[in-house]
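Next come the chains, spelled out residue by residue.
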Amino acid sequence: MSPMPTTFLGSALRGTFFFAFGLWWSVRYPLKYLRRKGGAEGQPGRGHAELFEGAVKAFFALVGILVEQFVPTGPHLQLYSPKTHSWTDLTHWHYSTIYLFFLLSGITDVVSHSPLKLPPGLDRLSLSLALLVEGLLFCFRDYSDAVLDQHLHSLLAMAIFAGALCALLEVFHRDHIILETFRTSSFLLQGSWLWQIGFVLSPPWGGPGWDQSDSSNLLFLTMCFCWHYLGALAVVAANAAASRCCNESCQLKFGDIDVELDCGLCLHRRKKSSGGALLPESVLDDK
């Protein structure tokens with residue numbers, strides 16, 4: 001049995017998905033933390049961000065399943081071939097299974113903030129389950145003698161399981177800024193590392209990937225993994241600092257707007273409130 005191939009485009013697209021979520025969270029969670037400090041805990045619109053995230057997650061997961069199954073070389077929902085008496089394109093089924101659990105997570109996000117009122121924490125539990133399944137499948141995929149390939153995905157599994165652990169802890173400690181920040185950094189790390197895997201195993205400019213038998217590549221990539229995480233922490237810190245500066249300079253009134261979705265509403269709401277404040281004076285002048 002040959003090892004499961006890695007394509008640059010597939011790895012880059014999956015990495016972009018995780019990195020985009022990490023970037024979104026690196027802005028959203030600091031703003032939400034500042035909002036809670038401002039005493040706007042129970043304002044309406046609080047679940048809009050979760051609904052948005054769930055819808056986006058479910059959409060891209062569904063697209064991923066359809067692409068994996070119905071590309072020209074895909075299995076087209078056929079798992080076993082009676083003609084060859086063998087499994088059909090397990091690589092596509094591998095990623096389809098991962099997308100399936102993220103689709104379930106996205107649906108759970110949406111339903112959890114609907115009138116059905118599912119138990120609190122179920123959305124985080126479904127996210128943790130999706131990450132656990134992803135890590136499990138990467139741990140037990142077929143690498144044959146591709147030592148470098150196995151090492152790269154073992155490092156990836158560390159980022160995946162770290163995010164799964166954070167999501168699981170959030171089931172019991174909701175809105176914990178440290179857990180949210182660590183989960184954000186794990187998603188940024190997973191996203192950037194998937195890009196790195198694509199460059200190492202299947203360079204976009206063509207040609208063979210890195211030498212699988214060179215042990216020095218293992219050491220370098222382990223250091224590179226640490227640098228990726230340092231970069232993820234830098235992104236989190238920079239966006240948190242930018243959120244704090246935005247809060248102080250614009251003097252956002254978190255009790256009046258839903259900053260988790262659109263900070264641009266700040267200016268619009270402030271203009272409306274300023275106009276309302278001047279109205280009584282004009283009325284008095286007319287009198």
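Above this text sits the structure in question.
Residues numbered from 1 in each chain as written. Predicted model: local features only at pLDDT ≥ 70, side-chain atom pairs only at ≥ 80, totals over all residues. Heavy atoms only, no water.

Some thoughts on the overall build of the protein
Right, so step 1: Tallying secondary structure elements over the protein gives eight helices and two strands in all.
Right, so step 2: In sequence order, the protein lays out its α and β elements as α-α-β-β-α-α-α-α-α-α.
Right, so step 3: By the burial criterion, 42% of the 287 residues in the protein qualify as buried.
Right, so step 4: For the protein, the accessible surface area stands at approximately 15200 Å², while carbon and sulfur atoms represent 70% of it. (Helix = DSSP H or I, 4+ residues; strand = E, 2+ residues; numbered from the N terminus. Buried < 20%, exposed > 50% of the residue type's maximum accessible area, 1.4 Å probe, protein only. Areas by Shrake-Rupley, 256 points an atom, 1.4 Å probe, with all protein chains shown as cover.)

Here we look at unusual backbone geometry
Right, so step 1: For Asp89, which is not glycine, the phi dihedral falls at a positive 45°.
Right, so step 2: Here Asp89 is to be found in the loop between strand 2 (86–87) and helix 3 (90–112).
Right, so step 3: Backbone geometry places Asp175, a non-glycine residue, at a positive phi of 60°.
Right, so step 4: Looking at the element boundaries, Asp175 is found in the loop between helix 5 (147–170) and helix 6 (177–201).

Some points on the packing of aromatic side chains
Right, so step 1: Applying the stated criterion across every chain yields a total of 20 aromatic pairs.
Right, so step 2: Centroid distance Trp25 to Phe187: 4.7 Å. Interplanar angle 65°. Geometry classified as edge-to-face. With a gap of 162 residues between them, Trp25 in helix 1 (residues 8–37) and Phe187 in helix 6 connect regions that are remote in the sequence.
Right, so step 3: Its guanidinium or amino end placed over the ring of Tyr95, Arg14 lies 3.7 Å from that ring's centre, counting from NZ or CZ.
Right, so step 4: The residue whose ring lies beneath Arg183 is Trp25, and the NZ or CZ to ring-centre distance is 4.4 Å. (Phe/Tyr/Trp six-rings, centres within 6.5 Å; stacked < 30°, edge-to-face > 60°. Lys NZ or Arg CZ within 6 Å of the ring centre and 35° of its normal.)

Some details on the packing of helix 1 against helix 2 (residues 48–70)
Right, so step 1: With their axes 12 Å apart at the nearest point, helix 1 and helix 2 run at an angle of 175° to one another. Judged by the angle between their axes, helix 1 and helix 2 are roughly antiparallel. Along the contact surface, helix 1 presents Arg14, Phe17, Phe21, Trp24, Trp25 and Arg28, while helix 2 presents Ala49, Glu50, Phe52, Glu53, Val56, Lys57, Phe60 and Glu68. (Axes fitted to C-alpha atoms, helices over the stretch in contact; angles between N-to-C directions. Parallel < 35°, antiparallel > 145°, perpendicular 65-115°, else oblique. Contact = heavy atoms within 4.5 Å.)

Some thoughts on the packing of helix 2 against helix 3
Packed helices, taken two at a time, are described by the angle their axes make and the gap between the axes.
Right, so step 1: Here helix 2 crosses helix 3 at 160°, and the two axes come no closer than 7 Å. Our classification of the angle between helix 2 and helix 3 gives roughly antiparallel. For helix 2 against helix 3, the interelement crossing comes out left-handed.
Right, so step 2: A breakdown of the residues in the contact of helix 2 with helix 3 according to their chemical character gives 14 nonpolar, seven polar and four charged. (Left-handed = near helix turned anticlockwise from the far one by under 90°. Nonpolar A, V, L, I, M, F, W, Y, C, P; charged D, E, K, R; others polar.)

As for the pattern of salt bridges
Side chains carrying opposite charge are able to pair once their charged atoms draw close together.
Right, so step 1: One pass over the full model with this rule turns up ten salt bridges.
Right, so step 2: A salt bridge links Arg174 to Asp123, with the nearest nitrogen and oxygen atoms 2.9 Å apart. Placement of Arg174 in the loop between helix 5 and helix 6 and of Asp123 in helix 4 (residues 122–139) is noted, with a sequence separation of 51 residues between them.
Right, so step 3: The class for Arg174 is partly exposed, based on a relative accessible area of 32%.
Right, so step 4: A relative accessible area of 3% means that Asp123 is categorised as buried.
Right, so step 5: One connected set of salt bridges, linked through shared partners, spans Asp123, Arg124, Glu170, Arg174 and Arg183. (Salt bridge = Lys/Arg side-chain N within 4 Å of Asp/Glu carboxyl O.)

The values are spatial; any link to function lies outside them.
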